[in-house]
Amino acid sequence: MGLVLGIESSCDETAAALVTTERQVLAQRIASQDEAHAPYGGVVPEIAARAHAERLAPMIDAVLKEAGVALHELNAIAATAGPGLIGGVMVGLVSAKALAMAADVPLMAINHLEGHALSPRLADPALTFPYALLLVSGGHCQILRVDGVGEYRRFATTIDDALGEAFDKTAKILGLGYPGGPAVERLALQGDPDAVRLPRPLVGSGEPHFSFAGLKSAVLRAYETQQHSNADLAASFQQAAIDCVNDRLTIALDAMGPVNALVVAGGVAANKAVRGALETLARARDLRFSAPPPELCTDNAAMIAWAGCERLPTGQNDPLDIAARPRWPLDPTAEPVRGAGVKG
Ligand code: KG4
Ligand code: ZN
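The following paragraphs examine the structure supplied in this document.

## Focus: the sheet that holds strand β7 (residues 141-148)
Right, so step 1: The strand order across the open sheet built from five strands is β8-β7-β6-β9-β10, with neighbouring strands paired in mixed fashion. In this open sheet, the two strands that pair with only one neighbour each are β8 (151-156) and β10 (288-290). Between one strand axis and the next, the sheet turns through 25° on average, direction left out of account.
Right, so step 2: Here helix α4 (residues 112-123) sits on the sheet in contact with β6 (131-136), β7, β8, β9 (261-265) and β10, set at roughly 125° to β6.

## Some words on the coordination of the zinc ion (ligand 2)
Right, so step 1: At the metal site, the zinc ion (ligand 2) is ligated by H112 (NE2), H116 (NE2) and D299 (OD), and these contacts range over 2.0 to 2.1 Å.
Right, so step 2: Relative to the metal, the four donor atoms surrounding the zinc ion (ligand 2) lie at angles of 94 to 144°, and the coordination shape comes out irregular.
Right, so step 3: Positions of the donor residues of the zinc ion (ligand 2) along the chain correspond to the pattern H-x3-H-x182-D. Of this pair, H116 sits in helix α4 while D299 sits in the loop between α10 (294-297) and α11 (302-311), and the two are 183 residues apart along the sequence. Neither residue differs from the other here; H116 and D299 are each classed as buried.

## A closer look at the site of ligand 1
Right, so step 1: Around ligand 1 there are 19 residues in total, and G138, D168, G181, E185 and D299 lie nearest to it.
Right, so step 2: Between ligand 1 and the protein, one listed contact pairs an oxygen atom with a backbone N or O atom of G139 at 3.4 Å.
Right, so step 3: Residue D168 places a side-chain N or O atom 2.6 Å away from an oxygen atom belonging to ligand 1.
Right, so step 4: For ligand 1, whose accessible area on its own is 550 Å², the fraction buried by protein is 90%.
Right, so step 5: If you map ligand 1 onto the pockets, it falls in the largest pocket.
Right, so step 6: Of all the secondary-structure elements, those providing two or more residues to the shell around ligand 1 are α4, α5 (163-173) and α6 (181-188).
Right, so step 7: Tallied by class, the residues present in the shell around ligand 1 amount to five nonpolar, eleven polar and three charged.

Rules behind the numbers
Residues numbered from 1 in each chain as written. Chains lettered and ligands numbered in written order. Predicted model: local features only at pLDDT ≥ 70, side-chain atom pairs only at ≥ 80, totals over all residues. Heavy atoms only, no water. Pairing = 2+ DSSP bridges. Helix = DSSP H or I, 4+ residues; strand = E, 2+ residues; numbered from the N terminus. Axes fitted to C-alpha atoms, helices over the stretch in contact; angles between N-to-C directions. Contact = heavy atoms within 4.5 Å. Donors = N, O, S within 2.8 Å, 3.2 Å for Na, K, Ca; no water. Tetrahedral: all angles 85-135°; square planar, octahedral: opposite > 155°, others 65-115°. Buried < 20%, exposed > 50% of the residue type's maximum accessible area, 1.4 Å probe, protein only. Near = heavy atom within 4 Å. Polar contact = N/O pair within 3.5 Å; in protein donor to acceptor, adjacent residues only side chain to side chain. Areas by Shrake-Rupley, 256 points an atom, 1.4 Å probe, with all protein chains shown as cover. 1 Å grid on protein atoms, 1.4 Å probe; cavity = no way out; pocket = protein on both sides within 12 Å on 5 of 7 lines; lining within 4 Å. Sits in = over half its atoms within 2 Å of the grid points. Nonpolar A, V, L, I, M, F, W, Y, C, P; charged D, E, K, R; others polar.

Shown next as structure tokens:
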């Protein structure tokens, strides 16, 4: 059995977790910084980095103590090394390097997106490669074919906003605060998804890429007419977004060849309406559907530790001078698309 300490600090969650190769999460802690960033309506990098620096060391101590594990018993220390806000990533990566050096344990520099991409396998032992992955978070919106650990082929990305970002911006328009996704989902339950006519950007186009900037602007215009309730706006926005995801995924699934499952991961995968729509799509195509439990969808350290567990059998470690990376695509061979690459 292998035992890996995972560290996550790429955005506004500080997290540490101990996970075994047998899929046991022995201990984990997550501290969200929502309150610190809420007054600004988004994550402020300097505030995030400082908060990570204050919280991480005691948190690592706490998970080791809770599990009764000493540093030298670890098979690896896995830390997010990018992509993300560079100050925060550096706090986590430098902490991991120091611990790895002190305890003479291998270091693994993990791609945060790989953490999301493999997270469904932590919760679902029956999920085997290859699978189609919809990775939807605050900074990323991609469709990938996952053929194995380290083997990712990107079929689609967003040419402007990520899906989580569209939820967050809609929440801001409706005065729901930050982070907006869960609040929009809650309000949408009380609204009519057909009440407001909204565009479905790129639906029908031959390539499976995403675009959400126009949808967000349409929500703003509809809001400004003062003709709709916020609940109807939230429900109609969510439905338009889901229609886009369904259409884009259909194109991508046709293009990527046979896979064992349709999988969703990343913060937006916590959304029940999104999960429901994807499950229906998977059933219609005779595909297995897999989604991690909501607490594994949003940023956490168990998924980073798990990515380390997945890598253990390969024997691949990283040197202690490896650099943090603000950008780090999962599929470096993927061609850039028009307008994309602005974020992550
Ligand atoms: O994966 P994550 O925690 O952080 C990033 O790596 O970006 O994703 C956060 C994003 C935010 O945009 C948040 O609004 C969205 O995921 N999100 C949701 C829900 N829960 C989180 N979006 C829609 N519905 C939800 N229930
Ligand atoms: Zn994330």
